[in-house]
Amino acid sequence: MVEYVWLTIAFPLIGVLINLFFGRLLEDAFSKWFKRSEVTGFIGSVTVVLSFLVSFAIFLQALGIEHFSHQVKLWDWITIGDFHVAISFLVDPLSIIMLLVVTGVGSLIHIYAVGYMDHDEGSARFFTYLNLFVASMLVLVLSDNYAGLYVGWELVGVCSYLLIGFWFFKPSAADAGKKAFIVNRIGDFGFALGIFLIWSTFGTLDYMEVFHEVGASHGEFASVINWVTILLFVGAIGKSAQIPLYVWLPDAMEGPTPVSALIHAATMVTAGVYMIARNNVLFAMAPNVSLVIAFVGAITAFFAATMALVAFDLKRVLAYSTISQLGYMILAVGVGAYAAGIFHLFTHAFFKALLFMAAGSVMHAMKGVIDMRRLGGLKDKMPETYWTFLIGAAALSGFPLITAGFWSKDNILVKAFELQQPNQAFGIILYTIGIITALLTAFYTFRAVFMTFHGEPRDKNLYDHAHENRRVMTLPLWILAIFSIGAGFLGLPSKLGLPNWIEDGWLYSVMAESHEILEHAHHFAHIGFGLEIALLSISAVVALVGIFGAWHVYIRYPQIAVDTARYAGRFYQLVLDKYRVDELYDTWIIEPGKGLADILAKIVDMNFIDKTLVDGSANSVRGLGHIMAILQTGYIRNYVMVIFVGIVVMGVYFFLL
Amino acid sequence: MEHIPTTWYLLLAAILFSIGAGGVLIRRNTLVIFMCVEMMMNAANLTFVAFAREFGSTTGQVFVFMVMTVAAVEVAIGLAILVELYRHVKSVNIDSFDSLKG
């Protein structure tokens, strides 16, 4: 089965071709019986579901096989001297888990989008882009070399741009698309340099060959690996929305909600985490860089959570929470808990896609209103959306024992706590930031739940208009809700004697080498049963306190929130203005950039390039032409004379000399 | 009738050719220049025929028919151009057609 892995990419691409060239035609042809989005959405969904079935078959084949790792080569792509790049896929537990997430969650989101986009004329275009995204993301996770990774990396960036700006006639959406693309380019620049450095050092771009060379070395690559990991991480900062390049993600909410769920929560933004986990051997050999990565992740997690506390746009709350959760994942891979990072990626994909789609369901029912100050009391109007959102919110807050978010987040926090190198104190600091963020997470998540679904309706007109959505939208919510609970049991803490299938079983072979390196360096302390129970309890208490706090502030005594906001005054305003980071970038980067562009345009371009080079070459040619024009007397006799003289000279030359 | 040597034909052809060439170079009337060109062409024809007789071959004579046909065509086009030129410039003086002067 594994040799048919290319089918997973081929199916969505077929969907792209059909919807791109025949989408509108088919929609028109079937318009009597079906809505527009149902025709193209059917094609889009079926292709991704087929892709999921192939992925699942590969998963079943790999199940129970130790060290399952296959390279499936299709053909040579680039061959220049010693430089070889093949179109070739690496199928191992890590890429299979990504494959399942992308196609599985992707299928549900495609199906949901059939209902969500039913008022939109551009559904053919929408499903074309969405399928193209799935194919691109699969290229990213399946490639067995850095070139393929980079191709996928850029393709998902393009799809993200196209889909954020899907409603391009809205200037805010068009701007958000550009912002996402340009901010990502900064990260991609570092990422590309990292890949160049890998090639110039190891002479190959194949993961396995690079890891093999690194593994066989004895420290001679240490400084190169530091640089490579830094540069690759710069790419991850952009793609996974970490400080300081996170600014694009909140604005990306301008796109349709299924896009936010698929690209900006479940899949594309986790590419950075996947990339670091894929290169776990390199990152494990760069402990100092990894420490920086862990701190960037932890600080991002905290920072984004504070912004989520005050946001009023439901989708933006979820966007900040995505940044925050990505911070957790980056923290995990930074402290060397690669499997824990992937596990959180896995569970987060379910509950965050669920939350986004439930929020989209609200938005769809409320004529596009997403400001929580106008929602409220929707619990009874939209029971299915309410219950699924509640399950997703519980998972995000880490509601103890029964939700996936609890187990995966706790896994990360325990690993951070265990960190010993270079100093135990760093581990404690990271853990503390993580646990405070967990408190904030529980609070802002249930703030959103209470403001949206509980209390009195704040806008009576909108409330009366609200209705539960169609089955095509609610069914995917329920499926994701099941996974938001069930997925957690794949990674229970092994220290309590419970099976951690994902870390000790499924992903073990991928992480074995880095595991050995870290063990050798005494990277982690191994805490005992009692301390593990204590940490779990702390997480549980923190989540419950956060949820209770939200209930206390937003349901029992709503006045507290208002008073606190007034009391905090300017600080509240600062957080509400997103710490004015956008304005900071505007003043210090964008405006100087514009100034520089102005100087270059007006002085260098207009004076030097236009006047000297362009006009100069034209003028010199014209001057030369004037000299040559003297020969052109206009008298035919002169021309004939030249011809005759020429003939005579030629005759003399050939016959007489 | 006495046999005329080929050299004489060639000399005659050379003279005719030179007269034609001189006419092309010094005359200003476009029609006359045109006729001079024809004369040069017929001088060439004469050499063809002379050599054809000398070597007892018909190739040269066939070539002359070819040249005459092409000349007829050329005259038709040339005169048409000339008429058009006259309509524009109201002159057949070759020096008045100098719009290509640089």
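Residues numbered from 1 in each chain as written. Chains lettered and ligands numbered in written order. Predicted model: local features only at pLDDT ≥ 70, side-chain atom pairs only at ≥ 80, totals over all residues. Heavy atoms only, no water.

1. Side note on the overall build of chain B
Link 1 in the chain: Looking only at helices and strands, chain B features 3 helices and 0 strands.
Link 2 in the chain: The C-alpha radius of gyration computed for chain B amounts to 17 Å, which surpasses the reference 13 Å derived for 102 residues by more than 25%, pointing to a less compact arrangement than a globule.
Link 3 in the chain: Considered along the principal axes of its C-alpha atoms, chain B spans approximately 50 × 30 × 25 Å.
Link 4 in the chain: For chain B, the proportion of its 102 residues judged to be buried stands at 26%.
Link 5 in the chain: Within chain B, residue pairs in contact and separated by at least 24 positions form 61% of the contacts whose partners lie at least 6 positions apart.
Link 6 in the chain: Across chain B, the mean location of the 6 positive side-chain charges is 11 Å away from that of the 7 negative side-chain charges. (Helix = DSSP H or I, 4+ residues; strand = E, 2+ residues; numbered from the N terminus. Rg over C-alpha atoms; globule rule 2.2 N^0.38 Å. Buried < 20%, exposed > 50% of the residue type's maximum accessible area, 1.4 Å probe, protein only. Contact = heavy atoms within 4.5 Å. Lys, Arg positive; Asp, Glu negative; His and termini not counted. Charge placed at Lys NZ, Arg CZ, Asp CG, Glu CD.)

2. Brief notes about the overall build of chain A
Link 1 in the chain: Helices and strands together make up the secondary structure of chain A, namely 27 helices and 2 strands.
Link 2 in the chain: Here the C-alpha coordinates of chain A stretch approximately 115 × 70 × 55 Å along the principal axes.
Link 3 in the chain: Taken over 657 residues, chain A has a buried fraction of 55%.
Link 4 in the chain: Contacts spanning at least 24 positions in sequence make up 81% of the contacts within chain A whose residues lie at least 6 apart.
Link 5 in the chain: Carbon and sulfur atoms make up 71% of the accessible area of chain A, which amounts to about 27600 Å² in all. (Areas by Shrake-Rupley, 256 points an atom, 1.4 Å probe, with all protein chains shown as cover.)

3. Digging into the interface of chain A and chain B
How large an interface is tends to be reported as the accessible area lost when its parts come together.
Link 1 in the chain: Counting residues at the interface gives 10 residues for chain A, matched by 14 residues for chain B.
Link 2 in the chain: Interface area, chain A with chain B, both sides summed: about 1000 Å², of which 67% is carbon and sulfur.
Link 3 in the chain: When the buried area of chain A at its contact with chain B is split by residue, I636, R637 and F644 of chain A rank highest and sum to 50% of it.
Link 4 in the chain: At the junction of chain A with chain B, the criterion picks out 1 salt bridge.
Link 5 in the chain: Note that R637 of chain A is salt-bridged to D95 of chain B, the shortest N-O span being 2.4 Å.
Link 6 in the chain: Counting the contacts that link chain A with chain B gives 1 residue pair in polar contact (both at pLDDT 80 or more).
Link 7 in the chain: With 5 residues, helix α27 (residues 636-656) of chain A is the single largest residue contributor to the side of chain A that touches chain B.
Link 8 in the chain: Its residues placed into classes, the side of chain A that touches chain B shows 6 nonpolar, 3 polar and 1 charged. (Buried area = accessible area lost by both parts, 1.4 Å probe. Salt bridge = Lys/Arg side-chain N within 4 Å of Asp/Glu carboxyl O. Polar contact = N/O pair within 3.5 Å; in protein donor to acceptor, adjacent residues only side chain to side chain. Nonpolar A, V, L, I, M, F, W, Y, C, P; charged D, E, K, R; others polar.)

4. Some remarks on the pattern of salt bridges
Residue and element names in this part refer to chain A.
Link 1 in the chain: Counting across every chain of the model gives 28 salt bridges over all chains.
Link 2 in the chain: We note a salt bridge from E121 to R24, for which the minimum N-O separation is 3.9 Å. Here E121 is found in the loop between α3 (93-116) and α4 (123-142), whereas its partner R24 is found in helix α1 (residues 6-29), with 97 residues between them in sequence.
Link 3 in the chain: The salt bridge involving R374 is made with D459; its shortest N-O contact spans 3.1 Å. You can see R374 sitting in the loop between α15 (338-365) and α16 (383-397) and its partner D459 sitting in the loop between α18 (424-453) and α19 (460-465), a full 85 residues away along the chain.
Link 4 in the chain: Classification of R374 by relative accessible area gives partly exposed; the value is 38%.

5. Notes on helix α13 (residues 287-310) of chain A
Link 1 in the chain: Over its 24 residues, α13 of chain A runs 36 Å from end to end, which matches the ideal 34 Å to within 8%, given 1.5 Å per residue.
Link 2 in the chain: Within α13 of chain A, 17 of the 24 residues are buried, leaving the element largely enclosed by the surrounding structure. (Expected span 1.5 Å × (residues − 1).)

6. Remarks on a nonpolar patch on the surface
Residues and elements named next belong to chain A.
Link 1 in the chain: Among the surface-exposed residues, L596, I599, L600, I603, V604, F608, I609, L613 and V614 lie close enough to one another that they form a single nonpolar patch of about 790 Å² accessible area.
Link 2 in the chain: Take I609: it is sitting in helix α26 (residues 581-629).
Link 3 in the chain: For I609, a relative accessible area of 33% puts it in the partly exposed group. (Patch = residues over 30% accessible without salt bridge, like charges linked within 9 Å, V, L, I, M, F, W, Y side chains within 5 Å.)

7. Some words on the packing of helix α5 (residues 146-164) of chain A against helix α10 (residues 257-266) of chain A
Residue and element names in this part refer to chain A.
Link 1 in the chain: Where α5 meets α10, the closest approach of the two axes is 11 Å, and the angle between their N-to-C directions is 155°. Put simply, α5 runs roughly antiparallel to α10. Of the two possible hands of crossing, α5 and α10 adopt the one that is left-handed. Contact residues: α5 offers S160, L163 and I164, while α10 offers V259, I263 and H264.
Link 2 in the chain: Considered class by class, the residues forming the contact of α5 with α10 number 4 nonpolar, 2 polar and no charged. (Axes fitted to C-alpha atoms, helices over the stretch in contact; angles between N-to-C directions. Parallel < 35°, antiparallel > 145°, perpendicular 65-115°, else oblique. Left-handed = near helix turned anticlockwise from the far one by under 90°.)

8. Comments concerning helix α2 (residues 36-62) of chain A
Residue and element names in this part refer to chain A.
Link 1 in the chain: The terminal C-alpha atoms of α2 lie 39 Å apart, and with 27 residues this matches the ideal 39 Å at 1.5 Å per residue to within 8%.
Link 2 in the chain: Along α2, the helix axis deviates most sharply at F42, where the bend reaches about 25°.
Link 3 in the chain: Just downstream of α2, G64 is the residue with a positive phi angle, here 85°. (Bend = angle between axes of the 7 residues up to and from the residue.)

9. Remarks on the packing of aromatic side chains
Residue and element names in this part refer to chain A.
Link 1 in the chain: According to the stated counting rule, one finds 34 aromatic pairs over all chains in the structure shown.
Link 2 in the chain: Taking 5.2 Å as the distance between ring centres and 75° as the angle between the ring planes, the aromatic pair formed by F126 and F166 counts as edge-to-face. Of this pair, F126 sits in helix α4 while F166 sits in the loop between α5 and α6 (171-202); the two residues are 40 residues apart in sequence, bridging distant segments of the chain. Both residues of the pair, F126 and F166, belong to the buried class.
Link 3 in the chain: Ring pairing ties together the aromatic residues F52, F56, F59, W501 and W506, which thus form one cluster.
Link 4 in the chain: Directly above the ring of F524 sits K415, whose terminal nitrogen or CZ lies 5.0 Å from the centroid. (Phe/Tyr/Trp six-rings, centres within 6.5 Å; stacked < 30°, edge-to-face > 60°. Lys NZ or Arg CZ within 6 Å of the ring centre and 35° of its normal.)

10. Side note on the environment of P12 of chain A
All names here are of chain A.
Link 1 in the chain: Tracing the sequence through the fold places P12 in helix α1.
Link 2 in the chain: Under the relative-accessibility criterion, P12 is labelled buried at 0%.
Link 3 in the chain: Taking the C-alpha atoms as reference points, P12 and V652, 640 residues apart in sequence, are found 76 Å from one another.
Link 4 in the chain: Beyond its immediate stretch of four places on either side in the chain, P12 contacts L7, T47, S51, N131, V134 and A135.

11. A few points about the side chain of S37 of chain A
Residue and element names in this part refer to chain A.
Link 1 in the chain: Mapped onto the elements, S37 comes out in helix α2.
Link 2 in the chain: S37 gets classed as buried once you look at its relative accessible area, which sits at 0%.
Link 3 in the chain: In contact with S37, other than residues within four places in its own chain, are E27, F42, V114, M117, D118, S123 and F127.

12. So, the confidence of the model for chain B
Residues and elements named next belong to chain B.
Link 1 in the chain: This prediction gives chain B a mean pLDDT of 89; 97% of its residues lie at or above 70.
Link 2 in the chain: Averaged pLDDT values over the elements of chain B bottom out at 91 in helix α3 (residues 59-89) and peak at 93 in helix α1 (residues 6-26).
Link 3 in the chain: Model confidence for the complex is summarised by a pTM of 0.81, with the ipTM given as 0.81. (pLDDT = per-residue confidence, 0-100.)

13. Examining the pairing of strand β1 (residues 70-80) of chain A
Residue and element names in this part refer to chain A.
Link 1 in the chain: Across 9 bridges, β1 lies against strand β2 (residues 83-91) in antiparallel orientation. In the strand pairing of β2, I78 is matched with V85.
Link 2 in the chain: Counting the residues in the hairpin turn of β1 and β2 gives 2 residues, including G81, whose phi is positive at 60°. (Pairing = 2+ DSSP bridges.)

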